[in-house]
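Here are the chains, one letter per residue:
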Amino acid sequence: MAPKLTPLSVINSGTMKMPVIGLGTWQSHEREIGTAVAAAIDAGYKHIDTAYIYLNEEAIGNTLQKAFKDGKVKREDLFITTKLPNVGNRAEEVETFLKESLEYLQLDYVDLYLIHSPVGFVNDGTILPRDESGTLLLDLDTDIIQLWKGMEAQVDAGRAKNIGLSNFNMNQIKRILDNCRIPPANLQVELHIYFQQNELVSFCKENGITVCAYAPLGSPNLIQFNERIGIPTNGIKNLSPMADPLVLEIAKKYNKTPSQVLLRFLIQYGVAVIPKSINPERIKQNLDIFNFELSDEEFKQIRGLDRGEEGRMFGATGIFAAMSKHPEYPFPK
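Residues numbered from 1 in each chain as written. Predicted model: local features only at pLDDT ≥ 70, side-chain atom pairs only at ≥ 80, totals over all residues. Heavy atoms only, no water.

Colleague: I'm lost on the overall build of the chain in this one. Help?
Modeller: A tally of regular secondary structure across the chain gives 12 helices and 10 strands. A compact globule built from 333 residues would reach a C-alpha radius of gyration of about 20 Å, and the chain, at 19 Å, matches this within 12%. Based on the C-alpha atoms only, the size of the chain along its principal axes is roughly 55 × 45 × 40 Å. The proportion of buried residues among the 333 residues of the chain is 56%. (Helix = DSSP H or I, 4+ residues; strand = E, 2+ residues; numbered from the N terminus. Rg over C-alpha atoms; globule rule 2.2 N^0.38 Å. Buried < 20%, exposed > 50% of the residue type's maximum accessible area, 1.4 Å probe, protein only.)

Structure, rendered in structure tokens:
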């Protein structure tokens, strides 16, 4: 059976203690994210996940400052994660982008700074640089080893308490581990019941790297997101973990929502989760997963839903497919 868990439970990596559940903010517009972050803090969340490319750090920073001023929470009680954008994937640019994120967030440091992707883009002053035909401008000379040295320098400077990776594959992580001074504390990847990443999760645990699952409930707006940024949507999988019959059956048994069952499974699996929501009631619901526990048999049944690579939604299609010509493209083609 799983260890007893509470809303303040953490997963550990060296000196880093990451709360097992956080608020995801991808696709949360700056007009709505303030309400979501305030609701999360009021509900008891201690972990907020954002990124430079989400374009909502400034609104999050304003909300955090108000919460500090109102005495709702102290800075040292929160765990804030943000990420280096693809256009900053050069060692000499890490400091510039982290300082910009800190300015937006109105913080002196972040608890975790991640390389958002091993694929570098040309820095032309935009988030998604493209040529006249609309093709992404890739920096084919991305050097992830040198880039990691730029990340280590942010820990030395006190701007990041911990550093880590996102969307890296196992071989890329091994290269970092073989050449690092400060090892990655965390890996953030797509992970849900249909794509459980067993080998990668085991590898990370063996090497003292915590894992955080993005899209833990699936990604129902993935197609719309790609349409919005002008990326072809052919082949994007529209999987619905919350509608899985087994999940619905277990949810009914425990009088829980399907999302609560999905999140409970993942934390019993031993990973952190960052479900995204802008709905205050759903934000509260997503935290209410510590008063029930999946049985060994239920856990085993959900484990059996894994589809391997067939369950991957973020990969060979959409925005990631546009990166596939890069030598550090991390996913199977």
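Colleague: Is there a simple way to think about the side chain of aspartate 244 in this case?
Modeller: Take aspartate 244: it is sitting in the loop between helix 7 (222-228) and helix 8 (245-254). It turns out aspartate 244 is buried and unbridged, and the closest side chain with the opposite charge, arginine 307, is 5.3 Å from it. Those residues in contact with aspartate 244 that lie beyond four places of it in its chain are Ile193, Tyr194 and Leu305. (Lys, Arg positive; Asp, Glu negative; His and termini not counted. Salt bridge = Lys/Arg side-chain N within 4 Å of Asp/Glu carboxyl O. Contact = heavy atoms within 4.5 Å.)

Colleague: What exactly am I supposed to notice about the UniProt feature "site: Lowers pKa of active site Tyr" (unreviewed entry) in the chain here?
Modeller: Mapped onto this numbering, the UniProt entry annotates "site: Lowers pKa of active site Tyr" (unreviewed entry) at Lys83. Here lysine 83 lies in strand 5 (residues 79-84). For lysine 83, the side chain forms a polar contact with the side chain of aspartate 49, separated by 2.7 Å. (UniProt positions renumbered as here; feature names shortened; annotations may be inferred. Polar contact = N/O pair within 3.5 Å; in protein donor to acceptor, adjacent residues only side chain to side chain.)

Colleague: What exactly am I supposed to notice about the packing of helix 3 (residues 94-105) against helix 4 (residues 144-156) here?
Modeller: When two helices pack together, their arrangement is given by the angle between the helix axes and the distance between those axes. Across the interface, helix 3 lies against helix 4 with an axial gap of 9 Å and an inter-helix angle of 45°. Between helix 3 and helix 4, the angle falls in the class oblique. Handedness of the helix 3/helix 4 crossing: right-handed. For the pair helix 3 and helix 4, the contacting residues are Val94, Glu95 and Leu98 in the first and Leu147, Gly150, Met151 and Gln154 in the second. Class assignment of the residues belonging to the contact of helix 3 with helix 4 gives a composition of four nonpolar, two polar and one charged. (Axes fitted to C-alpha atoms, helices over the stretch in contact; angles between N-to-C directions. Parallel < 35°, antiparallel > 145°, perpendicular 65-115°, else oblique. Left-handed = near helix turned anticlockwise from the far one by under 90°. Nonpolar A, V, L, I, M, F, W, Y, C, P; charged D, E, K, R; others polar.)

Colleague: Would you mind going over the pairing of strand 2 (residues 16-19) with me for this structure?
Modeller: When a strand is regular, its side chains alternate between the sheet's two faces. By the bridge criterion, four bridges tie strand 1 (residues 10-13) to strand 2 in an arrangement that is antiparallel. What sits directly across from asparagine 12, in strand 2, is lysine 17. (Pairing = 2+ DSSP bridges.)

Colleague: What is the right way to read the nonpolar core from this model?
Modeller: Considering soluble globular proteins, one finds that nonpolar side chains tend to be buried as a cluster. Of all hydrophobic cores here, the largest spans 103 residues; its most connected members are Tyr113, Ile173, Leu187 and Ile302. At seven residues, the largest contribution of residues to this core is made by helix 9 (residues 258-269). The residues touching leucine 187, leaving out its near neighbours within four places in the chain, are Leu165, Ser166, Asn167, Phe168, Ile173, Leu200, Cys204, Ile209, Thr210, Val211 and Cys212. (Core = buried A, V, L, I, M, F, W, Y, C linked by side-chain atoms within 4.5 Å.)

Colleague: What am I meant to see in the UniProt feature "active site" (unreviewed entry) in the chain here?
Modeller: As annotated by UniProt and renumbered to match this structure, "active site" (unreviewed entry) occupies Tyr54. Following the sequence through the fold, tyrosine 54 ends up in the loop between strand 4 (47-49) and helix 2 (57-69). Among residues more than four places away in sequence, those in contact with tyrosine 54 are Thr25, Trp26, Asp49, Lys83 and His116.

Colleague: Would you explain the packing of helix 5 (residues 170-179) against helix 6 (residues 198-206) in this entry?
Modeller: At a closest axis distance of 11 Å, the pairing of helix 5 and helix 6 adopts a crossing angle of 15°. With respect to each other, helix 5 and helix 6 are oriented roughly parallel. You can see that helix 5 and helix 6 cross each other, and the crossing is left-handed. Side by side, helix 5 and helix 6 meet where Met170, Ile173, Lys174 and Leu177 of the first sit next to Glu199, Leu200, Phe203 and Cys204 of the second. Taken together, the residues that form the contact of helix 5 with helix 6 break down as six nonpolar, no polar and two charged.

Colleague: Help me understand helix 5, please; the structure alone is not making it clear to me.
Modeller: For the α-helix, the turn length of 3.6 residues means that residues three or four positions removed from each other point alike. For helix 5, every residue scored as buried is listed here: Met170, Gln172, Ile173 and Ile176. The buried residues of helix 5 occupy an angular sector of 160° when projected down its axis, which confines them to one face. Turned more than 90 degrees off the buried face of helix 5, the exposed positions are Asn171 and Asp178. Among the residues of helix 5, the N-terminal cap falls to asparagine 169, whose side-chain oxygen and the backbone nitrogen of asparagine 171 are separated by 3.2 Å. (Arc of directions from axis to C-beta.)

Colleague: I keep staring at the pairing of strand 5 and nothing clicks. Help me out?
Modeller: Burial analysis of strand 5 places six of its six residues in the buried class, the great majority of the element. Judged from the three bridges that link them, strand 4 and strand 5 form a sheet pairing that is parallel. Note on strand 5: the bridge partner recorded for histidine 47 is phenylalanine 79. Since strand 4 and strand 5 lie parallel, the crossover through helix 2 that links them has a hand, and here it is right-handed. In terms of strand pairing, strand 5 meets strand 6 (residues 112-115) through four bridges, oriented parallel. Bridging from a neighbouring strand, lysine 83 pairs with leucine 114 of strand 6. (Right-handed = clockwise from strand over helix to strand, strands pointing away.)

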